[in-house]
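# Observations on the three-dimensional arrangement
Chain residues, written in single-letter form:
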Number of protein chains: 2
Amino acid sequence: MSITVVGSIAYDAVKTPFGERERMLGGAATHFALAASFFDTVRPVGPVGGDFADADLAVLATRGTVTDDVEVVPDGKTFFWAGEYGWDLNSRDTLDTQLNVFESFAPKLSDAARACDVLFLANIQPELQAQVLDAVEAGGRVRFTALDSMNLWIDIARDALVDVIRRVDCLILNDAELRQLTGRPNLVSAAREVLTWGPTSVVAKQGEYGAALVTESGFFSLPAYPLETVIDPTGAGDTFAGGFVGHVAQHVADGVTDDVLRRAMAYGTALASFNVEEFGTERVARLTADEIHARVDALHDVGRFDLQTPVLLGDHR
Amino acid sequence: MSITVVGSIAYDAVKTPFGERERMLGGAATHFALAASFFDTVRPVGPVGGDFADADLAVLATRGTVTDDVEVVPDGKTFFWAGEYGWDLNSRDTLDTQLNVFESFAPKLSDAARACDVLFLANIQPELQAQVLDAVEAGGRVRFTALDSMNLWIDIARDALVDVIRRVDCLILNDAELRQLTGRPNLVSAAREVLTWGPTSVVAKQGEYGAALVTESGFFSLPAYPLETVIDPTGAGDTFAGGFVGHVAQHVADGVTDDVLRRAMAYGTALASFNVEEFGTERVARLTADEIHARVDALHDVGRFDLQTPVLLGDHR
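The following paragraphs examine the structure supplied in this document. Please read these numbers as outputs of a predicted model, since none were measured by experiment.

## Thoughts on the packing of helix α4 (residues 126-139) of chain B against helix α6 (residues 158-165) of chain B
Residues and elements named next belong to chain B. Look at α4 against α6: their axes get within 8 Å of each other, and the N-to-C directions meet at 25°. As summarised for this structure, α4 and α6 are arranged roughly parallel, according to the angle between their axes. Crossing angle aside, the handedness with which α4 passes α6 is left-handed. Along its contact with α4, which presents P126, E127, Q129, A130 and L133, the element α6 presents A160, L161 and V164. Here the residues of the contact of α4 with α6 are counted per class, giving six nonpolar, one polar and one charged.

Here is the structure:
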């Protein structure tokens, strides 16, 4: 089994109330791969520039991730993003975005990347997502596809975005973007609208509040793992997606049931909680399986209550 | 057993994307009482004007709520609040606040209201909350006290607010206000700070995202009950408090354990979900016990996942 992911591999400059980094490894495909590599072989597809350090390629290759489809553009520069977070980390300003090698990126997938069992289309231009989906479908093995996007594409390329969403199994989106995409202010209603387009599951990422899953048969929700120390939220959503899609990949041969998706939400939530504890990829790069299991166990208890009966409700005259 | 609540009994003018009401029964004590009346005898303490309709007093008396401590000021006018909600109901503007009879309110509790087992101090001036707490402590029976407040009092009367928080068992506050109160941007950290002041439990209300409970021994979180139709969020927080405190009241004689508090969170969440389905008190006034039980059962499942093992995480080289 293997997972292909297409998306940015980047350098980030990040400032939070707890410190800053001028240039650290980042990007959606990077964060996704570091998380998903716990579950399966991951192949990231995306371009980097001649400035991309061997040490960072080694981090990307953590836990067996295959970097053959990382395309090095020798005379180009790696995608660069700079941002700054507010005091409670719930707001952030983008200070700079330099597409660099992404400006002329045309995905070329190796045979192995095409022959994946599971595909994650991280947030890039919808037309590129569609091209990768074409290639992977031609690969003939894929059984589960998931897609992330952002408000920019809803603003400037909504039709293309909706076209590619129609073709995937699972949409993973921030809750505000899900509302924007569908024009429906109610989250459940927005998710159900997307289910009528084609996907069989919708995940609404809710930042510090966690994430919700909507399928034909129901609604599931998990809060974020409760942390007293959050240092840098950058990449949390893609790390979540890596844990979520990674767990699905382990079970895709037996069918992606609601039980699998619910557990996948727990793995995504656990992985994301580690990501935010330090800057960039620092924490997840050295994470262990035991640490993940311990947080999934804790999440299993976080919303648990006993239905002790009888509880008599009525008139107290 | 009985519950005393002090807080506003009001007329509200509310506009949401789904309709409007020019003058409807509202107020924190009203919403709290309508929810808590399912669990125990409730005695609301608060003033109304000569304009307060008998029909509204009858609504307040639903399910045996005793209105003896509702003080009618014949030549005064009832507290009035007007507000308008944005398209996704997550933002609201206050258009008008007329304190009216609340401007000169001095709580006078009957012997029965003083002799309550459980006290809820809804959002009013902290000095008045302290006076009511004095009276109820003198009553000699009280075993559980909870308090709500708002950003206004944190801004203009923080010392008095902290003084009264030190004396209660449970603080129930919006998450943003909890951050503001403690100056701590992290929610868990903010809640733990309050636990060092005196309370043994802190509930952070998170609006559409649900609510979190922090005690000495742990963290619990429940999402809001998933609804496709939300008409008017006014009073949701006080309705939550009514369900939460109501369930605690049923168990206060045996000790308010974490198990009781967790179930109380579920009852609060269920009650609040009904409140928002229609304007003001309309839905909860005619709610039935069976409807509440059904939603608590559904909430029991909403964050449930199986810890299916073995899940092998590791190196995929």
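Here the narrative resumes.
## Notes on the nonpolar core
Counting 115 residues, the largest nonpolar core has F244 of chain A together with L178 and L181 of chain B as its most contacted members. In terms of residue count, the dominant contributor to this core is helix α10 (residues 258-275) of chain A (10 residues). Once residues lying within four places of it in the same chain are set aside, the contact partners of L181 of chain B are I154, R158, L161, V162, I165, L171, L173, V194 and W197 of chain B.

## Overview of the layout of surface pockets
Volume-wise, the second largest pocket comes out at about 220 Å³. Contributing to the lining of the second largest pocket are 16 residues, with D301 and V302 of chain A together with G218, F219 and R262 of chain B lying nearest its centre. Of all elements in the fold, only α12 (289-302) of chain A together with β12 (211-215), β13 (218-222) and α10 (258-275) of chain B reach the threshold of two or more residues within the lining of the second largest pocket. Counting residues per element, the lining of the second largest pocket draws most heavily on α12 of chain A, at four residues. Among the residues making up the lining of the second largest pocket, the classes are represented as eight nonpolar, three polar and five charged.

## Description of the relation of the copies chain A and chain B
Its rotation angle being 180°, the transformation that places chain A on chain B also includes 0.0 Å of axial translation and leaves an RMSD of 0.0 Å. What the rotation and shift describe, once combined, is the action of a two-fold rotation axis. Here 100% of the contact residues of chain A are again contact residues in chain B; the copies associate through an equivalent surface.

## A word on empty space enclosed by the protein
Take a probe with the size of a water molecule and roll it over the atoms, and the empty space left behind shows itself. Counted according to the given criterion, the structure contains one cavity of 30 Å³ or more. Size it by volume and the largest cavity reaches roughly 40 Å³. Every residue along the wall of the largest cavity is listed here: S221, L222, P223, V302 and G303 of chain A together with S221, L222, P223, V302 and G303 of chain B. Where the lining of the largest cavity is concerned, the elements lending two or more residues are β13 (218-222) of chain A together with β13 of chain B.

## A few points about the interface of chain A and chain B
Each side of the interface is counted separately: chain A has 63 residues, and chain B has 63 residues. For the pair chain A and chain B, the summed buried area comes to about 5,400 Å², and 56% of that belongs to carbon and sulfur atoms. Joining chain A to chain B, the criterion identifies six salt bridges. Close ionic contact of E228 of chain A with R192 of chain B constitutes a salt bridge, the shortest N to O distance being 2.8 Å. At the junction of chain A with chain B, the criterion picks out 33 residue pairs in polar contact (both at pLDDT 80 or more). Among the elements of the structure, α7 (175-182), α8 (187-197), β13, α9 (236-251), α10 and α12 of chain A are those that each provide at least two residues to the side of chain A that touches chain B. Each residue belonging to the side of chain A that touches chain B can be placed in one class, and the counts come to 26 nonpolar, 19 polar and 18 charged.

## Here's the deal with the sheet that holds strand β11 (residues 201-205) of chain B
Residues and elements named next belong to chain B. Spatial strand order, β5-β4-β1-β8-β9-β10-β11-β12-β13: nine strands in an open sheet with mixed pairing. Strands at the two margins of the open sheet, each flanked by one partner only, are β5 (70-73) and β13. Averaged over all adjacent pairs, the angle separating strand axes in this sheet is 15°, with direction ignored. Judged from the five bridges that link them, β12 and β13 form a sheet pairing that is antiparallel. Residue pairing in the sheet places T215 in a bridge with G218 of β13. Taken strand by strand, helix α7 (residues 175-182) contacts β10 (170-174) and β11, and its axis lies near 110° from that of β10.

Cut-offs used in this document
Residues numbered from 1 in each chain as written. Chains lettered and ligands numbered in written order. Predicted model: local features only at pLDDT ≥ 70, side-chain atom pairs only at ≥ 80, totals over all residues. Heavy atoms only, no water. Axes fitted to C-alpha atoms, helices over the stretch in contact; angles between N-to-C directions. Helix = DSSP H or I, 4+ residues; strand = E, 2+ residues; numbered from the N terminus. Parallel < 35°, antiparallel > 145°, perpendicular 65-115°, else oblique. Left-handed = near helix turned anticlockwise from the far one by under 90°. Contact = heavy atoms within 4.5 Å. Nonpolar A, V, L, I, M, F, W, Y, C, P; charged D, E, K, R; others polar. Core = buried A, V, L, I, M, F, W, Y, C linked by side-chain atoms within 4.5 Å. Buried < 20%, exposed > 50% of the residue type's maximum accessible area, 1.4 Å probe, protein only. 1 Å grid on protein atoms, 1.4 Å probe; cavity = no way out; pocket = protein on both sides within 12 Å on 5 of 7 lines; lining within 4 Å. Points joined across faces, edges and corners; volume = space filled by probe spheres on them. Least-squares fit on C-alpha atoms with pLDDT ≥ 70 in both. Buried area = accessible area lost by both parts, 1.4 Å probe. Salt bridge = Lys/Arg side-chain N within 4 Å of Asp/Glu carboxyl O. Polar contact = N/O pair within 3.5 Å; in protein donor to acceptor, adjacent residues only side chain to side chain. Pairing = 2+ DSSP bridges.

Distances and angles like these do not, on their own, reveal function.
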